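Results of the structural survey
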Amino acid sequence: MKVAVIGGGGREHTIVWKLAQSPKVEKIYAIPGGPGMKKLAECVPLDTNDLEGLAQWAKEHAIDLTVVGPEAPLVAGIVDVFKAHGLMIFGPSAKAAEIEGSKIFSKELMEKYGVPTAFFKVCSDLEEAKAYVREKGAPIVIKADGLAAGKGVVVAMTEAEALEALEEMMGTEHKFGSAGNRVVIEEFMDGEECSLLCFTDGRTIVPMIPAQDHKRVNDGDQGPNTGGMGAYAPAPVMTDALKQKTMDTIVRPVVEALAREGRPYSGCLYAGLMIKGDSIKVVEFNCRFGDPETQVVLPLLDGDLAEIMMACATGTLSPDMVRWSPKAAVCVVMASGGYPASYPKGIAITGLAEADALKDVVVFHAGTKEVDGRIVTNGGRVLGVTAIDDSIARAKERAYAAVDRIHFEGAHYRRDIAWRALKRLK
Ligand code: AMP
Ligand code: GLY
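Summarised in this report is the structure supplied together with it. (Residues numbered from 1 in each chain as written. Chains lettered and ligands numbered in written order. Predicted model: local features only at pLDDT ≥ 70, side-chain atom pairs only at ≥ 80, totals over all residues. Heavy atoms only, no water.)

Focus: the overall build of the protein
- Of the regular secondary structure elements, the protein holds 14 helices and 22 strands.
- A globule of 426 residues ought to have a C-alpha radius of gyration of about 22 Å, and the protein, at 21 Å, matches this closely.
- With the principal axes as the frame, the protein shows a C-alpha extent of 60 × 45 × 45 Å.
- In the protein, buried positions account for 56% of the 426 residues.
- The long-range fraction of contacts in the protein, counting pairs at least 24 apart against all pairs at least 6 apart in sequence, stands at 69%.
- When the accessible surface of the protein is summed, it comes to about 16900 Å², and 49% of that surface belongs to carbon and sulfur atoms.
- In the protein, 49 side chains carry a positive charge and 57 a negative one; their mean positions are 3 Å apart. (Helix = DSSP H or I, 4+ residues; strand = E, 2+ residues; numbered from the N terminus. Rg over C-alpha atoms; globule rule 2.2 N^0.38 Å. Buried < 20%, exposed > 50% of the residue type's maximum accessible area, 1.4 Å probe, protein only. Contact = heavy atoms within 4.5 Å. Areas by Shrake-Rupley, 256 points an atom, 1.4 Å probe, with all protein chains shown as cover. Lys, Arg positive; Asp, Glu negative; His and termini not counted. Charge placed at Lys NZ, Arg CZ, Asp CG, Glu CD.)

Next up, the structure:
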């Protein structure tokens, strides 16, 4: 089987790495891919916004399955274009991907079908939004509608912070462009977050191993939100009973609701959840694999990823395809100095080979580039250093031992990835 993976970040590197282990896969292309994948895949520098061009290329290269990493091409309709050309592709249609593409669509769907989530109000007028914030008080959450690269969310602990966020999104500045034309103002949910990614072919739904991301930039969950500074799996906050409850009250109802609404969903459905005691509510849905959750989830998959993805695309998914290792994985994201604000690029990275050589350690490249045979930084999140071991504590130790071998000027990373699990498991 010839497979093409769309994307070039740490998530896509992990998908390529896992697909390369499948006996069914004879050749992998990554579009555009990146230096970390070069040993596993042929990188092809095509424009991932040119959906027709990608489909033509896939036809010419007789690609058996295309796997889409990021949300943007999914929301733009890559699956619809590929299907119109008779090509096999893993991921949801544009109409189904709206579950991530529009926060308002997603909230209204959950409300209509009684799926537990924070109460919310949609506002397209700045003064109306401000009045609502004053009425509800803080803490409160403000979200720009549409895709804002995970950064269009402000968890405001004070009313002043909330009003300032509204001004930034909806006022003259329009920080997130048209995504700020309408905002969702949401109840603040207290609790512990967990990401439950699921494979689905539209009918059968199989949860992956639960993972936990670390959104805040600094240790102790301080500082601004980022795309994710590290992750681990399995997340003990998600007990088997809670997982069952999530499937019964959240994931299955939403997959069925999307089908009923004429938007059947297949691919990976990512449920971002807030857990407090027995209560479990949706923070958000994503129409794709999580980043960096994928870097800890797929290394623990014992099944054949190519077989599973093909089954999702063809409506033949069966739960016995998806098996999990009893081990644990921890991923530490190494970021550029300054991230999530502005950061420099092109800084030389050393120690990659030394870290990669460690047993059960994989260095996934999130934002790197090769210049004259050397690997340099090329993004905010630069590397995802993952270690696999018998326990979260040991995997954490090993991940940091690998991180210690890698250097680039200004590198910063959290020192406390997996702290909630370790506290819980004590
Ligand atoms: P989202 O893009 O909707 O996932 O939001 C990004 C992050 O903001 C989430 O992962 C949470 O950490 C936080 N967040 C979003 N909505 C809420 C909420 N209603 N209550 C508390 N935290 C939230
Ligand atoms: N790790 C959060 C996300 O992928 O959206």
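Section: the state of the cysteines
- Inspection of every chain in the model, using the stated rule, returns zero disulfides.
- Cysteine Cys43 remains unbridged, with the sulfur of Cys331 as its closest cysteine sulfur at 19 Å.
- Left without a disulfide partner, Cys312 is nearest to the cysteine sulfur of Cys268, which lies 8.6 Å away.
- Given a relative accessible area of 1%, Cys312 falls into the buried group. (Disulfide = S-S within 2.5 Å.)

Considerations on the sheet that holds strand β10 (residues 192–200)
- The strand order β11-β10-β16-β17 describes an open sheet built from four strands, whose pairing is antiparallel. Of all strands in the sheet, those with a lone pairing partner are β11 (205–207) and β17 (279–286), marking the two edges. Neighbouring strand axes in the sheet, compared pairwise and without regard to direction, differ in orientation by 35 degrees on average. (Pairing = 2+ DSSP bridges. Axes fitted to C-alpha atoms, helices over the stretch in contact; angles between N-to-C directions.)

Thoughts on the site of ligand 1
- Looking at ligand 1, there are 15 residues lining it, with Lys143, Glu186, Glu193, Lys215 and Glu284 nearest.
- Contact between ligand 1 and Lys215: an oxygen atom at 2.7 Å from a side-chain N or O atom of the residue.
- Out of a free accessible area of 470 Å², ligand 1 has 94% covered by protein chains.
- Mapped onto the shell around ligand 1, the elements with two or more residues apiece are β7 (140–144), β8 (153–156), β9 (183–187) and β17.
- Taken together, the residues of the shell around ligand 1 sort by class into seven nonpolar, one polar and seven charged. (Near = heavy atom within 4 Å. Polar contact = N/O pair within 3.5 Å; in protein donor to acceptor, adjacent residues only side chain to side chain. Nonpolar A, V, L, I, M, F, W, Y, C, P; charged D, E, K, R; others polar.)

Here's the deal with the packing of helix α5 (residues 94–101) against helix α6 (residues 103–112)
- Contact geometry of α5 with α6 gives a least axis separation of 6 Å together with a crossing angle of 95 degrees. Taken together, the axes of α5 and α6 lie roughly perpendicular to each other. Facing α5, whose interface residues are Glu98, Ile99, Glu100 and Gly101, α6 presents Lys103, Phe105, Ser106 and Leu109.
- Residue composition of the contact of α5 with α6, grouped by class: three nonpolar, two polar and three charged. (Parallel < 35°, antiparallel > 145°, perpendicular 65-115°, else oblique.)

Digging into the packing of helix α7 (residues 126–136) against helix α8 (residues 159–170)
- Put simply, α7 and α8 touch, their axes get as near as 10 Å, and they point 165 degrees apart. Relative to α8, the element α7 lies roughly antiparallel. With respect to the hand of their crossing, α7 and α8 are arranged in right-handed fashion. Contacts between α7 and α8 pair Leu126, Ala129, Lys130, Val133 and Arg134 from the former with Glu159, Ala162, Leu163, Leu166, Glu167 and Met170 from the latter. (Left-handed = near helix turned anticlockwise from the far one by under 90°.)

Notes on the site of ligand 2
- Neighbouring ligand 2 are the residues Asp213, Lys215, Gly227, Tyr270, Asn286, Arg288, Gly290, Asp291, Pro292 and Glu293.
- Contact between ligand 2 and Asp213: a nitrogen atom at 2.8 Å from a side-chain N or O atom of the residue.
- Within the shell around ligand 2, the residues separate by chemical class into two nonpolar, three polar and five charged.

Distances and angles like these do not, on their own, reveal function.
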